[in-house]
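As a plain string of letters, each chain reads:
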There are 4 protein chains.
Amino acid sequence: MAEITLEQARTIVRETIAKGREMGLKPLSVVVLDTGGHVKAFEREDGASPGRFGIAQGKAYGAVMLGMPGSAQMARAEQQAYFMAAVNGVFGGQVVPVPGGILVKDGDAVIGAVGVTGDTSDNDAEAGMAGIAAAGLDGAA
Amino acid sequence: MAEITLEQARTIVRETIAKGREMGLKPLSVVVLDTGGHVKAFEREDGASPGRFGIAQGKAYGAVMLGMPGSAQMARAEQQAYFMAAVNGVFGGQVVPVPGGILVKDGDAVIGAVGVTGDTSDNDAEAGMAGIAAAGLDGAA
Amino acid sequence: MAEITLEQARTIVRETIAKGREMGLKPLSVVVLDTGGHVKAFEREDGASPGRFGIAQGKAYGAVMLGMPGSAQMARAEQQAYFMAAVNGVFGGQVVPVPGGILVKDGDAVIGAVGVTGDTSDNDAEAGMAGIAAAGLDGAA
Amino acid sequence: MAEITLEQARTIVRETIAKGREMGLKPLSVVVLDTGGHVKAFEREDGASPGRFGIAQGKAYGAVMLGMPGSAQMARAEQQAYFMAAVNGVFGGQVVPVPGGILVKDGDAVIGAVGVTGDTSDNDAEAGMAGIAAAGLDGAA
C-alpha cells in the first residue's frame, strides 16, 4: 500500500492555505493523516481559534478510519444519527462527520486523508481539494 | 456454560469472509467474542479501512452484553435513541447498534457473538449468518 | 510502504500458536497489527484468560507506534521508568513494554507488528519469531 | 502577549528537520505549540514511526504548561518521580518529561514551545534549538 510522503503532505497543506487566501476564507487549519490515521503534517493560520487542530483531525480521522469522506459521513449522520454517535464511541469521540474530511488517493489506493476547518464546511472542502490537486493526487470529499 | 471454541471461531471467521467473496461484498472484517464480550478471533480483509476492528467489535459487544442481536438494538435505537445513548455511556461507547451483530447459540445457550462490518449492515449480517451455519451453530441476527 | 496482508497475518497467527503447542507453552493469544497499529488478525487459544487480547495488542502497539521491539522498550523502562509511564499517558495506556512485542519487517521496511502473550515474555517472543519466520518475513523482537 | 506566528513555526519545523539531516539523525518529528499548548504546526519525516506526533506534542506540552523545558522536567522526574506522575494525572497523560521539549522566547516572553522526537533526547533538543535560532528566536531546552 502506498503511503503519503512528507513532501506531498507539505504541498497539500500549503496549497490548501493558499487557496483559502485566494477565496477570501477565514483563517484555515489543515491536517494530513497517513493511512493509519496518524498525523503527518499540520498548520494553523494566524487568527484561527486554538481548538482547530482537533476539528481538522476529526474530519480527516473519520474519513480514513471508515474509508468514507466527510460528505458521506454527514449523509449517514443525517439518516441514522445514533449510528454516527456509536461510531464516535468506538473512536473515542475523534470523528467529526462533515465536509472537509477528504480521502487522498493515488489512483485507486487511499494513501491518507486531509482535514480542513475554519470556514463553512463546503468551503473547507473546496480548499482542501485544491491542495490535493496541487500535489498531483486525487481527492474524494 | 458452554463457551465458543477457537476452532469454531476460526471457522466462523473464514466462512463469513468466504461468503462475502461469494456475494461480491466489499472487504469484510469479522470478530468473534466469547460470552464475556472478550475477543476470541478476528480478521480484517485487505482493502478494508483501518477502523473496522472497532466497528465489528462494537456490533458483537452490544449483542452479547445486552443479549440482543443488532437488528433488535437498531429497532430500540430508532424508537428510543436516548436509551441506546445511555447504554453506550454504561459500556464506554463500545456498542454499535445495527445489524451485523449476531448472537451465536448452541441450542438455547448463547456461547458468543459475531460482529461483521464492511458492506451494508444487512449484507454484513447475511455473511455472518452463513459463517455461523458453516460452524454447525445457530445465529440470531 | 508495504503493508502486511491478511494471508501473511493468518500464517503468523497459526504458526505462532503451533510453535507454542510444540514448545509446550500455556495457551497463547496472538495479534497482528498493521503499520498504523490497527488490528489485522487475532486468535486466543482455549484456556487463555479473557483479558489476553489487550495484553497482546499492547505489546504489538508499543512496537509499531514507537518503532521499538518489546525488548528495547523494556530496557528503556528499566533505565527510565517515568519515560515509559509518560509514553503510556500519550497512548492512552495501550503500551505493554515487555518482550512478545515484535516488529515485522519485509527487508528493511516495517510492515506491521506481532504481539504474543500467555507464557513467559521470552517464550512468547520465541513463538512469535517462529510464526513470523514461517510467513517468510523477518522479525525484530 | 506575543504569540508565535505560523511563519515562525514553519521556519522552526523546517530548520529543525534540516539540522537533523545535517547531523545524520534518525527521521524526526517536530511540533510547534502556541502559548496555550495548542498545535500550530507539525511535520513527521518519512520513516519515523507513526506514534511520534504524540511524543513530540507531549514534550512541548509539558514545557509550555509548566513553564519548564524538558531537561528541567527530567531532573524533577529523576528526583521525584511521583510528582511528574501526578502532573500527568492533572494533564491527562499528555506530558513527556525529557529533553526535546523547548520553550520558545522572544526576549523574555515565552511565545510557544517546540517538541522534537526521533533520535536521542539530547540530539532531538540540539536540532530543535537550531530550528529556533534559524527563526531569529531564543530557545530554553
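Residues numbered from 1 in each chain as written. Chains lettered and ligands numbered in written order. Predicted model: local features only at pLDDT ≥ 70, side-chain atom pairs only at ≥ 80, totals over all residues. Heavy atoms only, no water.

Draft legend 1. Seen up close, the overall build of chain A. On a plain count of helices and strands, chain A comes out with 5 helices and 5 strands. Of the regular secondary structure in chain A, the N- to C-terminal order runs α-β-β-α-α-α-β-β-α-β. Against the 2.2 N^0.38 benchmark of 14 Å for 141 residues, chain A shows a C-alpha radius of gyration of 14 Å, consistent with a compact globule. Along the three orthogonal principal directions, the C-alpha set of chain A runs to about 40 × 35 × 20 Å. Counting every position in chain A, which comprises 141 residues, the buried fraction comes to 55%. Sequence-distant contacts, at least 24 apart, represent 63% of the contacts inside chain A between residues at least 6 apart. Within the structure as shown, chain A displays about 4800 Å² of accessible surface, and the carbon and sulfur contribution to it stands at 51%. Charged side chains in chain A number 11 positive and 16 negative. The centres of these two groups are separated by 5 Å. (Helix = DSSP H or I, 4+ residues; strand = E, 2+ residues; numbered from the N terminus. Rg over C-alpha atoms; globule rule 2.2 N^0.38 Å. Buried < 20%, exposed > 50% of the residue type's maximum accessible area, 1.4 Å probe, protein only. Contact = heavy atoms within 4.5 Å. Areas by Shrake-Rupley, 256 points an atom, 1.4 Å probe, with all protein chains shown as cover. Lys, Arg positive; Asp, Glu negative; His and termini not counted. Charge placed at Lys NZ, Arg CZ, Asp CG, Glu CD.)

Draft legend 2. Examining the layout of surface pockets more closely. Of the volumes computed, that of the largest pocket is approximately 1200 Å³. Residue lining of the largest pocket: 45 residues in total, with Tyr61(A), Phe91(A), Gln94(A), Tyr61(C) and Gln94(C) positioned closest to the centre. At the level of elements, helix 2 (52-66) and helix 4 (81-90) of chain A, helix 2 (52-66) of chain B, helix 2 (52-66) and helix 4 (81-90) of chain C together with helix 2 (52-66) of chain D are the ones that each hand at least two residues to the lining of the largest pocket. With 5 residues, helix 2 of chain D is the single largest residue contributor to the lining of the largest pocket. Taken together, the residues of the lining of the largest pocket sort by class into 16 nonpolar, 28 polar and 1 charged. (1 Å grid on protein atoms, 1.4 Å probe; cavity = no way out; pocket = protein on both sides within 12 Å on 5 of 7 lines; lining within 4 Å. Points joined across faces, edges and corners; volume = space filled by probe spheres on them. Nonpolar A, V, L, I, M, F, W, Y, C, P; charged D, E, K, R; others polar.)

Draft legend 3. How the structure looks around the interface of chain D and chain A. The interface is formed by 18 residues belonging to chain D together with 18 residues belonging to chain A. Carbon and sulfur atoms make up 44% of the area that chain D and chain A hide from each other, which totals about 1700 Å². Counting across the chain D and chain A interface gives 6 salt bridges. Inspection of the region where chain D meets chain A yields 15 residue pairs in polar contact (both at pLDDT 80 or more). Every element with two or more residues in the side of chain D that touches chain A is listed here: helix 1 (6-23) and strand 2 (39-44) of chain D. At 6 residues, the largest contribution of residues to the side of chain D that touches chain A is made by strand 2 of chain D. When strand 2 (residues 39-44) of chain A meets strand 2 of chain D, the two strands line up antiparallel, connected through 3 bridges. Paired with Glu43(A) across the bridge in strand 2 of chain D is Ala41(D). (Buried area = accessible area lost by both parts, 1.4 Å probe. Salt bridge = Lys/Arg side-chain N within 4 Å of Asp/Glu carboxyl O. Polar contact = N/O pair within 3.5 Å; in protein donor to acceptor, adjacent residues only side chain to side chain. Pairing = 2+ DSSP bridges.)

Draft legend 4. Focus on the relation of the copies chain B and chain C. When chain B is brought onto chain C, the operation consists of a screw motion whose angular component is 180° and whose axial shift is 0.0 Å, with 0.1 Å RMSD remaining. In the structure described here, the two chain copies are related by an operation that fits a two-fold rotation axis. Rotation axis and chain B: the residue whose C-alpha lies nearest the axis is Phe42(B), separated from it by 2.5 Å. The fraction of interface residues of chain B whose copies in chain C are also interface residues reaches 100%, indicating that both copies meet through the same surface. (Least-squares fit on C-alpha atoms with pLDDT ≥ 70 in both.)

Draft legend 5. Fine view of the interface of chain B and chain C. Taken together, the contacts link 18 residues of chain B with 18 residues of chain C. Summed over the shared surface of chain B and chain C, the number is 6 salt bridges. A salt bridge links Arg10(B) to Glu43(C), with the shortest nitrogen-to-oxygen separation between them at 2.8 Å. Summed over the shared surface of chain B and chain C, the result is 15 residue pairs in polar contact (both at pLDDT 80 or more).

Draft legend 6. Seen up close, the sheet that holds strand 1 (residues 29-33) of chain D. Ordered by their spatial adjacency, 10 strands build an open sheet running 5(A)-3(A)-4(A)-1(A)-2(A)-2(D)-1(D)-4(D)-3(D)-5(D), and the pairing between neighbours is antiparallel. What marks the edges here is a single partner per strand, and that holds for strand 5 (138-140) of chain A together with strand 5 (138-140) of chain D. Adjacent strand axes in the sheet meet at a mean angle of 25° when their direction is disregarded. Bridging between strand 1 of chain D and strand 4 (residues 109-117) of chain D involves 5 bridges; their strand directions are antiparallel. (Axes fitted to C-alpha atoms, helices over the stretch in contact; angles between N-to-C directions.)

Draft legend 7. Spotlight on helix 1 (residues 6-23) of chain C. When the terminal C-alpha atoms of helix 1 of chain C are compared, their 26 Å separation across 18 residues agrees well with the 26 Å that a helix rising 1.5 Å per residue should span. Within the sequence span of helix 1 of chain C, burial applies to Leu6(C), Gln8(C), Ala9(C), Arg10(C), Ile12(C), Val13(C), Thr16(C), Ile17(C) and Gly20(C). Next to the buried residues of helix 1 of chain C lie helix 1 (6-23) and strand 2 (39-44) of chain B together with strand 1 (29-33), strand 2 (39-44), strand 4 (109-117) and helix 5 (121-134) of chain C. Directly beyond the C-terminal end of helix 1 of chain C, a positive phi value near 75° is found at Gly24(C). (Expected span 1.5 Å × (residues − 1).)

Draft legend 8. Broad picture of the pattern of salt bridges. For the coordinates displayed, the defined rule picks out 28 salt bridges over all chains. Across the salt bridge formed by Lys40(D) and Asp46(A), the nearest N and O atoms sit 2.7 Å from each other. Of this pair, Lys40(D) sits in strand 2 while Asp46(A) sits in the loop between strand 2 and helix 2, which puts the two residues in different chains. On the basis of relative accessibility, which here comes to 4%, the residue Lys40(D) falls in the buried class. Residues joined in a network through salt bridges with shared partners are Arg10(A), Arg14(D) and Glu43(D).

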